[in-house]
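Coordinate inspection notes
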Amino acid sequence: LNPNNKNGDTFVSEVYAPNNFPVKNSNVSVFFREDIEDDIMCNWKDFARKLHSVLPKDEKINIYDFASSDGSEAYSLIISLMEALGEKEAERFLPIKAFDIDAGIVKRAKSNFIYASCEDIDKINNYTDGNLDKYFYLAKEKKGDCLLLVRPILSSNVVFQQARIQDEAKNLNKPNSMIFAR
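**A few points about the overall build of the protein chain**
- Secondary structure assignment for the protein chain yields 8 helices and 7 strands.
- The 182 residues of the protein chain split such that 44% are buried.
- Sequence-distant contacts in the protein chain: of pairs separated by 6 or more residues, those separated by 24 or more amount to 76%.
- Looking at the protein chain as shown, the accessible area adds up to about 10200 Å², and 50% of this sits on carbon and sulfur atoms.

Right, dumping it as structure tokens:
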């Protein structure tokens, strides 16, 4: 993605990394990211409702999540769709196809285990009206941080794959598709 792009494009097909810029593999992500809420100018549930209202009815909508890291954003979107629309209406947006360039992080995402901070747990409970257990099992807790096991209601609705955005963008199913990238 090109940080010099000032025209508001949500997708840029080139990668920008200055030669002297040290690219590190951090894969840091959180549930229900506030910076995404700032970008879409609403909360996640309202975003799900907007998708439902503006995209063609009774048709499959393909969602592609690039730079998906550990799956936090994909899971946040699935939870938002299910909580805002109900499981039946959310089905037309699922599964989400989630891609990351890092084979290690894709392997971790496919394991169905995900780390969550206390803040993540609070956000999940906020967006699910206190129903964290609907989507996750608490596998381990240590000093306020948690290791969660993703329940099938989420894990069956996302497909994690290793891919570069430049390569995979050529293979997108164009009609009724949405790209979610950070």
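**Quick look at the sheet that holds strand β4 (residues 136–142)**
- Strand order in the open sheet formed by 3 strands is β3-β5-β4, with antiparallel pairing between adjacent strands. Single-partner strands in this sheet number two, and they are β3 (113–116) and β4. If you compare each strand with its neighbour and ignore which way they point, the axes differ by 25° on average.
- Both β4 and strand β5 (residues 145–150) contribute to a ladder of 6 bridges, which runs antiparallel. Within the sheet, the bridge partner assigned to F136 lies in β5 and is V150.

**Concerning helix α5 (residues 103–110)**
- If you check which residues of α5 are buried, you get I105, V106 and A109. When α5 is viewed along its axis, its buried side chains cluster within an angular range of 100° and face the same direction. In α5, the exposed positions angled more than 90 degrees off the buried face are occupied by K107 and K110.
- Between the side-chain oxygen at the start of α5 and the backbone nitrogen of G104 there is a gap of 2.7 Å, and the oxygen is on D102.
- Positive backbone phi, at 70°, marks N112, one or two positions downstream of α5.

**Details of the sheet that holds strand β6 (residues 158–162)**
- Pairing in this open sheet of 4 strands is parallel, and the strands run β6-β2-β1-β7 from one edge to the other. Edge positions in the sheet fall to β6 and β7 (177–181), since each has one partner strand and no second. Each adjacent strand pair in this sheet contributes to an overall mean axis angle of 20°, direction not counted.
- Summarising the sheet, strand β2 (residues 96–100) and β6 pair through 5 bridges and their orientation is parallel. Residue F99 lies in a different strand from β6, and its bridge partner there is Q161.
- On top of the sheet, α5 reaches β2 and β6; it is set at about 160° to β6, its chief contact.

**Here's the deal with the pattern of salt bridges**
- Per the stated rule, a full pass over the model turns up 6 salt bridges.
- Here K134 and E83 are joined by a salt bridge, their closest N and O atoms 3.6 Å apart. In this pair, K134 is assigned in the loop between α6 (118–127) and β4 and E83 in helix α3 (residues 72–85), connecting sequence segments 51 residues apart.
- Via salt bridges that share partners, E83, E87 and K134 belong to a single interconnected network.

**Description of the confidence of the model for the protein chain**
- Looking at the protein chain, the pLDDT average stands at 79 and 80% of residues meet or exceed 70.
- Considering each helix and strand of the protein chain separately, the mean pLDDT is smallest for helix α1 (residues 34–40), with a value of 62, and largest for helix α7 (residues 152–155), with 96.
- Below pLDDT 50 for its whole length, residues 1–26 participates in 18 contacts with residues either more than four positions away or in separate chains.

What counts, and where the lines are drawn
Residues numbered from 1 in each chain as written. Predicted model: local features only at pLDDT ≥ 70, side-chain atom pairs only at ≥ 80, totals over all residues. Heavy atoms only, no water. Helix = DSSP H or I, 4+ residues; strand = E, 2+ residues; numbered from the N terminus. Buried < 20%, exposed > 50% of the residue type's maximum accessible area, 1.4 Å probe, protein only. Contact = heavy atoms within 4.5 Å. Areas by Shrake-Rupley, 256 points an atom, 1.4 Å probe, with all protein chains shown as cover. Pairing = 2+ DSSP bridges. Axes fitted to C-alpha atoms, helices over the stretch in contact; angles between N-to-C directions. Arc of directions from axis to C-beta. Polar contact = N/O pair within 3.5 Å; in protein donor to acceptor, adjacent residues only side chain to side chain. Salt bridge = Lys/Arg side-chain N within 4 Å of Asp/Glu carboxyl O. pLDDT = per-residue confidence, 0-100.

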